[in-house]
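Listed below are the residues making up each chain.
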Amino acid sequence: AQVIYNSNTGYYYCFVSMGSLDWDYRVGVGRSKEVTGPYFDGSGKSMYLDAMTASNYHEIGSKIIGGHELEKEFSFRCQGGQSILRANDGKVLFACHARTNFLPGYYFFLQVHQLFFTDDGWPVLNQNEYYEDKNFTEKLAALKASDIAGNYDAILTVRSAEMSDYKPFGQNEPVTVTTADGIPTTSKQISLSEDGKVSGAYTGTWQLAADGYTFSISLDGVGDFRGYVLDAVDWARRKGKNRRTITFTAFDG
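Residues numbered from 1 in each chain as written. Predicted model: local features only at pLDDT ≥ 70, side-chain atom pairs only at ≥ 80, totals over all residues. Heavy atoms only, no water.

The subject of this paragraph is the packing of aromatic side chains. This model, assessed by the stated rule, comprises 17 aromatic pairs. Ring centres of Tyr131 and Phe136 lie 6.5 Å apart, and the angle between their planes is 25°; on these two criteria the pair is classed as stacked. The side chain of Lys33 reaches across the aromatic face of Tyr11, ending 4.2 Å from its centre. (Phe/Tyr/Trp six-rings, centres within 6.5 Å; stacked < 30°, edge-to-face > 60°. Lys NZ or Arg CZ within 6 Å of the ring centre and 35° of its normal.)

Taken in spatial order, the 6 strands line up as S9-S8-S7-S6-S5-S15 in an open sheet, and their pairing is mixed. Both outer strands of the open sheet, strand S9 (123-125) and strand S15 (185-186), are each paired with one neighbouring strand and no more. Pairing geometry for strand S6 (residues 75-86) and strand S7 (residues 92-100), over 7 bridges, is antiparallel. Following the sheet pairing, Gly80 is matched in S7 by His97. (Pairing = 2+ DSSP bridges. Helix = DSSP H or I, 4+ residues; strand = E, 2+ residues; numbered from the N terminus.)

Turning next to the layout of surface pockets. In this structure, the largest pocket spans a volume of roughly 1,200 Å³. Gln127, Ala154, Ile155, Leu156 and Phe248 are the residues nearest the centre of the largest pocket, which is lined by 49 residues in total. Those elements that provide at least two residues to the lining of the largest pocket are strand S4 (62-65), strand S8 (109-117), S9, strand S12 (150-154), strand S16 (188-192), strand S19 (214-219) and strand S21 (244-251). The leading source of residues in the lining of the largest pocket is S21, at 7 residues. For the lining of the largest pocket, the per-class residue count stands at 24 nonpolar, 14 polar and 11 charged. Its volume calculated, the second largest pocket comes out at about 190 Å³. Residue lining of the second largest pocket: Asn6, Asn8, Thr9, Arg86, Gly90, Lys91, Val92, Gln114, Leu115, Phe116 and Phe117, and that is the complete set. With 4 residues, S8 is the largest single contributor of residues to the lining of the second largest pocket. (1 Å grid on protein atoms, 1.4 Å probe; cavity = no way out; pocket = protein on both sides within 12 Å on 5 of 7 lines; lining within 4 Å. Points joined across faces, edges and corners; volume = space filled by probe spheres on them. Nonpolar A, V, L, I, M, F, W, Y, C, P; charged D, E, K, R; others polar.)

Once that is clear, we can look at the pattern of salt bridges. Tallied over the full model, the rule gives 11 salt bridges. Asp89 serves as the salt-bridge partner of Lys91, at 3.9 Å between the closest nitrogen and oxygen. By relative accessible area, which is 11% here, Lys91 ends up buried. As a salt-bridge pair, Asp120 and Arg226 come within 4.0 Å of each other at their nearest N and O atoms. (Salt bridge = Lys/Arg side-chain N within 4 Å of Asp/Glu carboxyl O. Buried < 20%, exposed > 50% of the residue type's maximum accessible area, 1.4 Å probe, protein only.)

Attention now goes to the nonpolar core. Tyr13, Phe15, Ile64, Phe94 and Leu115 are the most contacted members of the largest nonpolar core, which has 15 residues in total. By size, the runner-up hydrophobic cluster in this structure holds 14 residues, among which are Ile148, Leu192, Val198 and Tyr202. (Core = buried A, V, L, I, M, F, W, Y, C linked by side-chain atoms within 4.5 Å.)

Attention now goes to the state of the cysteines. Tallied over the full model, the rule gives 0 disulfides. Between Cys78, a free cysteine, and Cys96, which holds the nearest cysteine sulfur, the sulfur-to-sulfur gap is 11 Å. You can call Cys96 buried: its relative accessible area is 2%. (Disulfide = S-S within 2.5 Å.)

Glancing now at the pairing of strand S20 (residues 223-233). The buried count for S20 comes to 8 of 11 residues, which makes it a mostly enclosed element. Counted between consecutive antiparallel strands, the loop separating S19 from S20 contains 3 residues, among which Gly221 sits at a positive phi close to 75°. Pairing of S20 with S21, which is carried by 8 bridges, proceeds in the antiparallel orientation. Within the sheet, the bridge partner assigned to Val233 lies in S21 and is Arg244.

On the surface, Tyr106, Tyr107 and Phe109 cluster together into a nonpolar patch covering about 340 Å² of accessible area. Topologically, Tyr106 is positioned in the loop between S7 and S8. (Patch = residues over 30% accessible without salt bridge, like charges linked within 9 Å, V, L, I, M, F, W, Y side chains within 5 Å. Areas by Shrake-Rupley, 256 points an atom, 1.4 Å probe, with all protein chains shown as cover.)

Here we take up the pairing of strand S3 (residues 26-32). Buried residues dominate S3, accounting for 7 of its 7 residues. By the alternation rule, side chains of S3 split into Arg26, Gly28, Gly30 and Ser32 and Val27, Val29 and Arg31, which are all buried. Both strand S2 (residues 11-18) and S3 contribute to a ladder of 7 bridges, which runs antiparallel. When the bridges of S3 are listed, Val16 appears paired with Gly28. Strand direction decides the pairing type here: S3 and S4, joined by 3 bridges, are antiparallel. Each bridged residue has a counterpart across the sheet, and for Val29 the counterpart in S4 is Ser62.

This is the structure:
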């Protein structure tokens, strides 16, 4: 676990890696006004050990990152072992290790993602890995609705204690994993129109705040999400493809 304090929100945040390092590792987060707690996740569940059991802990802790597979791209799973640090320019970076479904499980990758805090005080990650060079710096900057309109491969992560048999890449026999964390969530395609409509696998509405990067999206029958939209680099795209992309990250408990 790691606890950090954000003076802008007035909360302490407890990030916890949980699950099997081999199969269904993931990071959950809760927050508190006091460093000693109690810490609660976005749905109001207590992060205390006496509230967790062997059968329910995958339902506790707001899920900040999870195994995922964007269409026709490389998939990642078991992100965890997090370290959160502040760069010299004030950016907050979230480093973790990850396994994949294109190499055997004994291969690890280091991932670094930029972390933001929503206007209601919850952390969200750019799910694309952080990138910076002399021509590009990943940061929140004003975009227009016309910049954002288009087709997206959307990942909707969930928390669940449901178990399934699954055979990760390179594994000879299936293993029993927590479905929501052990099996990478496959993306679904949605479209965001310039007039604020969402269509495709999910329907609803989206809105861009006056700053040009604070973003909210309401999905019918699913929830209301708050976060950010930004210009990013998708390193999971296969070689030869344009890796610059517009991405959004948003949170609903």
